[in-house]
Amino acid sequence: MCGIIGYTGPLNAKKILLDGLSQLEYRGYDSAGIAYFDAASKIQLVKKTGKVANLKEFCSRIQDNAHCGLGHTRWATHGDVTDQNAHPHQAGRVTLIHNGIIENYRELTRDYGLEGKLKSQTDSEVAAWVLDALYEGNPAKAIQNLLNHLEGSYGFCIMFADRPGEIYAVRNVSPLVAAYTHSGAIIASDLTALIPYTRRYFVLPEQQIVKLTAYQLTLYDKKGHPEEPEYLEVNWNMDAAMKNGFPHFMLKEIYEQPEALKNTILPRISKGLPDFTDDQIPDSVFETCDKIHIIACGTAMHAGMVARALSEPLLRIPVIVSIASEFRYEEPLINENTLVIVISQSGETIDTLAAMRLAKSYGSKTLSIVNVKGSTIARESDYVLYTHAGPEIAVASTKAYSVQLAALYMLICRMAFVRGKYSRDQSAAFLSSLLDVIPAMETMLSRKEEEKNLVTHLIQQSDTFFIGRGRDYAFSLEGALKLKEISYIHAEAYAAGELKHGTIALITEGVPVIAIATQERVFSKLISNVREVKARGAFVILLTKSSAVVEGNLADIHIRIPDVDDAFAVFPIAVILQLIAYYASLGKSLDVDQPRNLAKSVTVE
Ligand code: M6R
């Protein structure tokens, strides 16, 4: 949460900061601000509530040159959404931007007598004042000293008034990536802000200080000695982070799913089997475990729910799915024989990271499924399986979900093979069905008008129910999340058999019920549940496979997906559910890509 960027070099710093903030805006959009050294080497500060466009418009009226500066786009934690609470914060000689939460800010305020000094309600400004108090002309020494006083998570970029052209940065948990390019040094909370300038970057190691100047980037180890950064390469290009003619990132990302699936699946097929040799995941990881525990948040957790519904009956071992924010405060029943699968698009979600660290402390092997290369979860897990979705910019996750599923399906298939549950032929057939979902998704994308039309009724309602049984229930969880987060329509997913135990009281004339009925095993049961809600006046939107036989008047709207194998129906169903949410948001004239109160990467608790 919060996007941060710093640049120093020969180019126009204000432009780089403002462009970078536009790229990072999905991390938070309550307010935005920049600080830069002007031609007289004085630090200028501009900050505004609202979106980056607001700040850009204001900055366009300021005619001065800058070659070194900081930029921040905020997702509010401490303090309201006001100009004062926007970053950067200034305290004496210190100007800083912060992503994270300083947990002991009250104690620091008291210990450093800051009560009368603070201009904002933020924990970040407290850190700035403490740093100013510790600063005696040696920035690295003062920052190192500051770290001894702080509790919490932080990514800081800092300028000192008497050090024009220099930026210092340090982090704990909150992400920061940096690069030195032929046109200066750049640092940001996220790769998307770096890729217009370079694909070679490094992840700032925790609690190590980096100093950026126009001519040099110096990383210091914890003792203050210079150290060579560990550079990584990313194959994302600028196009991947642009809308490319689509009206919204979300729609573009929905359309990118077939390609993302190919990129994630195809390099991992060898001799007709899933193969993780290049990912350095040995078969022993799959052979030795007697339980699987999946941990994730939000959409990633829903991918885990689908994986559970698929894998437990097949592998015949317990597969448990935990919400990371719950798991991290539990006393989990896991041990060294448990395989813990951690799923995260960003690889930075704080709850997921903390849960993974807890699992490691129990001796469990951790395997992460992550989209962002070099992210903290990827680096700290014992094994990592990268999904290749490219950058996902829209806050609502779409392509990350389907590639997470693809990665999970491949893992399950390999596990079934090495544990003797699948023969070579069965594994090959499974993979072939997985590949079949790509044209099935393309078919659904080519029929997007169906979803566009069906939201007419939906967007006039305040509640929607998604129902399904078995795997269909797991799919419906994601449908409900997608709809509520971007259309603000209250949406709940229910195991269809559970409706009669209370929730059916909410079904009245016209209430939309989206019923997912793709699983042969429970199809007739689900159809009975649909009849029950229909009898109470529900507006039924029914999703089935093409060959499904249902009576003509059962559904108000009936959408059919291609006849894929039941286990793989989630892929074309996901496209429909994503498009329903997208068109509902559009139909209500809402901000599709940046829904209220949310941010892409949840790096605070
Ligand atoms: O980066 P992560 O996959 O760890 O993020 C987890 C959730 O915050 C995320 O999936 C969230 O639920 C999506 N924005 C929903 O569309």
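The structure this text deals with has already been given above.
Residues numbered from 1 in each chain as written. Predicted model: local features only at pLDDT ≥ 70, side-chain atom pairs only at ≥ 80, totals over all residues. Heavy atoms only, no water.

*Asks:* Whenever I open this one, the overall build of the chain confuses me. Can you help?
*Replies:* Along the chain, the regular secondary structure elements total 18 helices and 27 strands. Taking 605 residues into account, the globule formula puts the C-alpha radius of gyration at 25 Å, and the chain, at 25 Å, falls close to it. Considering only C-alpha atoms, the chain reaches an extent of 75 × 55 × 45 Å along its principal axes. Taking the contacts inside the chain whose residues are at least 6 apart along the sequence as the reference set, 71% of them involve residues at least 24 apart. About 22600 Å² of surface is accessible on the chain, with carbon and sulfur atoms providing 48% of the total. Put simply, the chain has 60 plus and 69 minus side-chain charges, and the middle of one group is 1 Å from the middle of the other. (Helix = DSSP H or I, 4+ residues; strand = E, 2+ residues; numbered from the N terminus. Rg over C-alpha atoms; globule rule 2.2 N^0.38 Å. Contact = heavy atoms within 4.5 Å. Areas by Shrake-Rupley, 256 points an atom, 1.4 Å probe, with all protein chains shown as cover. Lys, Arg positive; Asp, Glu negative; His and termini not counted. Charge placed at Lys NZ, Arg CZ, Asp CG, Glu CD.)

*Asks:* What is the right way to look at the nonpolar core in this model?
*Replies:* Generally speaking, soluble globular proteins have nonpolar side chains that are buried together. Residues Phe 286, Leu 367, Tyr 409 and Phe 571 are the most contacted members of the largest nonpolar core, which totals 132 residues. The greatest single-element share of this core, amounting to 14 residues, is contributed by helix α13 (residues 399-418). Beyond its immediate sequence surroundings of up to four residues, Phe 571 is in contact with Leu 261, Ser 402, Leu 405, Ala 406, Tyr 409, Leu 434, Val 437 and Met 441. Of all hydrophobic cores here, the second largest spans 28 residues; its members include Trp 129, Leu 134, Leu 147 and Phe 160. (Core = buried A, V, L, I, M, F, W, Y, C linked by side-chain atoms within 4.5 Å. Buried < 20%, exposed > 50% of the residue type's maximum accessible area, 1.4 Å probe, protein only.)

*Asks:* Please clarify how the pattern of salt bridges should be interpreted in this entry.
*Replies:* One side chain can pair with another of opposite charge once the charged atoms of both are near each other. Tallied over the entire structure, the rule returns 30 salt bridges. Linking Glu 392 and Lys 600 is a salt bridge whose minimum nitrogen-to-oxygen distance equals 2.6 Å. Placement of the pair is Glu 392 in the loop between β22 (383-386) and α13 and Lys 600 in the segment after α18 (570-587), with a sequence separation of 208 residues. Here Glu 392 and Lys 600 have matching classes, each one buried. In this structure, the salt-bridge partner of Asp 566 is Lys 545, at a minimum N-O distance of 2.4 Å. With a gap of 21 residues between them, Asp 566 in the loop between β27 (557-561) and α18 and Lys 545 in strand β26 (residues 539-545) connect regions that are remote in the sequence. Of the two residues, Asp 566 and Lys 545, neither departs from the other in class, the shared state being buried. One continuous salt-bridge network, built from bridges that share partners, spans Lys 15, Asp 19 and Lys 56. (Salt bridge = Lys/Arg side-chain N within 4 Å of Asp/Glu carboxyl O.)

*Asks:* What is the right way to look at the side chain of Ser 427 in this model?
*Replies:* By secondary structure assignment, the location of Ser 427 is in helix α14 (residues 424-446). Looking at Ser 427, its side chain comes within polar contact range of the main-chain oxygen of Ser 423, at 2.9 Å. Ser 427 has contacts with Gly 272, Leu 273, Cys 413, Phe 417 and Tyr 422, leaving out every residue within four places of it along the chain. (Polar contact = N/O pair within 3.5 Å; in protein donor to acceptor, adjacent residues only side chain to side chain.)

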